[in-house]
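# Summary of the model geometry
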Amino acid sequence: MKTINSSQLLILLAFVIFSGCKKEMKKDLSFNSQNYEIKTFEFEGKEYKVRAFENIVYVKKPIDTVYQCMNIYIPEEYFQDKSIKNYDKESAPIFFPNNVGGYMPAKPISLTQDSQQRGPGDRTKATKMALSKGYVVASPGARGRTNNNSFGVYTGKAPADIVDLKAAVRYLKFNDSIIPGNSRKIISNGTSAGGAMSALLGATGNSPDYEPYLKSLGAAEATDDIYAVSAYCPITNLDHADAAYEWQFNGVNTYMKMGSMGQIDFHQKRTETLDTLTQSQIEVSDQLKMLFPAYVNSLKLRNNQNQLLTLYDNGNGNFKIWVGSYIIASAQDVLNLGEDLSKYEWITLNKGGNIVEKIDFAGYVRYMKRMKTPPAFDALDLSTGENQLFGNDSIDACHFTKYSFEHSTVESFMAPELTIKMMNPIYYIGDPQSTCAKYWRIRHGTLDKDTSLAISVILATKLKNSGINVNLEMPWNVPHSGDYDLRELFEWIESVCKKNGK
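Owing to the predicted nature of the structure, the values given are computational and were not obtained by experimental measurement.

### What to know about the overall build of the protein
- Within the protein one finds 14 helices and 13 strands.
- Split into buried and exposed, the 502 residues of the protein put 59% on the buried side.
- Once local pairs closer than 6 in sequence are excluded, the contacts in the protein between residues at least 24 apart make up 72%.

Set out below in structure tokens:
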């Protein structure tokens, strides 16, 4: 058992003193409807006018007001008692896009794109499209894995980011009678780590696990469940992501090494160089792959025919076929649109060439190419962003899987079990103490190799098995990215917002 040394104790003591001082900086959580600027923007050739309420601190006792704040944009028509299409100030859905990328600190999305907007995809375009359709947009900032204060204390480690997003939801609900928009129809949106945050927000509504953290921040006295989730390529289920990655990529021993921008800035093109796994990395891959079948089998997932989804010890089984079915569906979609699939040796078409009959999963994975070295997330030397995410007030990085902790190549600590749980939506789906979002839309491109396709499939299947309405698709040849199909996204949002009345 590792113990905290004297220097770490001093840091913690300083943090306690600092926290006590922060109590004097309490914020009023009542929404100030007069504190706004009129802003105009152009979208698809038309000009729109909104009231911009920016940098609103959403907790009474903030730790970092640079990030624990929110931008709210409201169509001007709602202050004139006018309607936009099917919505008015009472019924307008609230689009809730987060700006998280790489589990880094994230400022709120603004109408003006800037260098602080780390999330993948054109975040401003999504905001403008939502406003053009009559939605209220509320974009929360959140602390992340690199935040620290003047005492050298880390202030953004897990579960800070999801706690902050929950606090922002509570602020909106607390001020529902003042802020235009329907707080019963909040739709979250995020990509990559932001997709994971969106999924967590949807799965963990009102869970008591987060209550002590929310109370310590002085979050509003309100609920934090949301109506719907949009999650692009969610980097989630982190405590099983290493095993899932090697289940998929085991045997692919070359990888496209990413440049330094890889996990953080999705607006810049990634640089790639070819490299080869070492023998020790190949052995780690073999060992991690062997862990995955037991995990999948423990979930007791079922397909659409109510058949139990399982894997044999060698990694094959109908769960693998289930994952492959999403790839087949994606290929069929583009084939129907006229795409020539004959060049893909791993795809088998029928004699007429108009139906995708099957795929060679191993051939598909070789076509994808590996991106990460094993372990992909919980590095043995604590070098990943996810290791940094699971640090604590005084320790920058920790392990979060039993395998990596036991095989660590550096002096290390294991993150607390509850913290690991609080960062994984799978544990909360079906939990009677949590309120799960009613509607989910998950997208994971067929060329996205930042995490295993199995991760999104497990999430979607767990939701389906729990009676939740979920739409998972794997867009053809789409890499790690988000907000690339905004028209389809908002068509989906429109369809689910029509359900269940107001």
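That covers the picture; the talk isn't over yet.
### Looking at helix 7 (residues 279-299)
- For helix 7, spanning 21 residues, the distance from its first C-alpha to its last is 32 Å, which sits close to the expected 30 Å at 1.5 Å a residue.
- Of the positions making up helix 7, those classed as buried are Gln281, Ile282, Val284, Ser285, Leu288, Phe292, Pro293, Tyr295, Val296 and Leu299.

### Considerations on helix 14 (residues 486-497)
- Over its 12 residues, helix 14 runs 16 Å from end to end, which matches the ideal 16 Å to within 8%, given 1.5 Å per residue.
- Against the buried residues of helix 14 lie strand 4 (94-97), helix 2 (123-132), strand 6 (186-191), strand 7 (228-232), strand 12 (439-443) and strand 13 (469-473).

### Structural notes on the sheet that holds strand 6
- If you trace the 9 strands from one edge of the open sheet to the other, you get 1-2-3-5-4-6-7-12-13, paired in mixed fashion. Both edges of this open sheet fall to strand 1 (37-43) and strand 13, since each of them pairs with a single strand only. Mean inter-strand twist for the sheet, computed between neighbouring axes without regard to direction, equals 20°.
- In this structure, strand 7 lies alongside strand 12, joined through 5 bridges in parallel fashion. The residue of strand 12 that forms the bridge with alanine 228 is tyrosine 439.

### A word on the packing of aromatic side chains
- The full count for this structure, using the stated rule, is 26 aromatic pairs.
- Between tyrosine 87 and tyrosine 135, the aromatic rings sit 5.7 Å apart at their centres with planes inclined by 85°, giving edge-to-face as the arrangement. Taken as a pair, tyrosine 87 in the loop between strand 3 (69-75) and strand 4 and tyrosine 135 in the loop between helix 2 and strand 5 (136-140) lie far apart in primary sequence, 48 residues in all.
- Residues phenylalanine 95 and phenylalanine 490 carry aromatic rings whose centres are separated by 5.2 Å and whose planes lie at 55° to one another, so their mutual orientation is tilted. One end of the pair, phenylalanine 95, is in strand 4; the other, phenylalanine 490, is in helix 14, and 395 residues separate them in sequence. Both residues of the pair, phenylalanine 95 and phenylalanine 490, count as buried.

### A few points about the side chain of threonine 419
- Tracing the sequence through the fold places threonine 419 in helix 12 (residues 417-422).
- Beyond its immediate chain neighbours, meaning those up to four positions away, threonine 419 contacts Ala158, Pro159 and Phe390.

### Section: the pairing of strand 3
- With 7 of its 7 residues buried, strand 3 lies for the most part within the structure.
- Burial along strand 3 is two-sided: the face carrying Cys69, Asn71, Tyr73 and Pro75 and the face carrying Met70, Ile72 and Ile74 are both buried.
- The pairing of strand 2 (residues 46-57) with strand 3 spans 6 bridges and is classified as antiparallel. Within the sheet, the bridge partner assigned to arginine 51 lies in strand 3 and is isoleucine 74.
- Examined bridge by bridge, strand 3 and strand 5 share 4 bridges and lie antiparallel to one another. Paired with tyrosine 73 across the two strands is valine 137, which belongs to strand 5.

Rules of the game
Residues numbered from 1 in each chain as written. Predicted model: local features only at pLDDT ≥ 70, side-chain atom pairs only at ≥ 80, totals over all residues. Heavy atoms only, no water. Helix = DSSP H or I, 4+ residues; strand = E, 2+ residues; numbered from the N terminus. Buried < 20%, exposed > 50% of the residue type's maximum accessible area, 1.4 Å probe, protein only. Contact = heavy atoms within 4.5 Å. Expected span 1.5 Å × (residues − 1). Pairing = 2+ DSSP bridges. Axes fitted to C-alpha atoms, helices over the stretch in contact; angles between N-to-C directions. Phe/Tyr/Trp six-rings, centres within 6.5 Å; stacked < 30°, edge-to-face > 60°.

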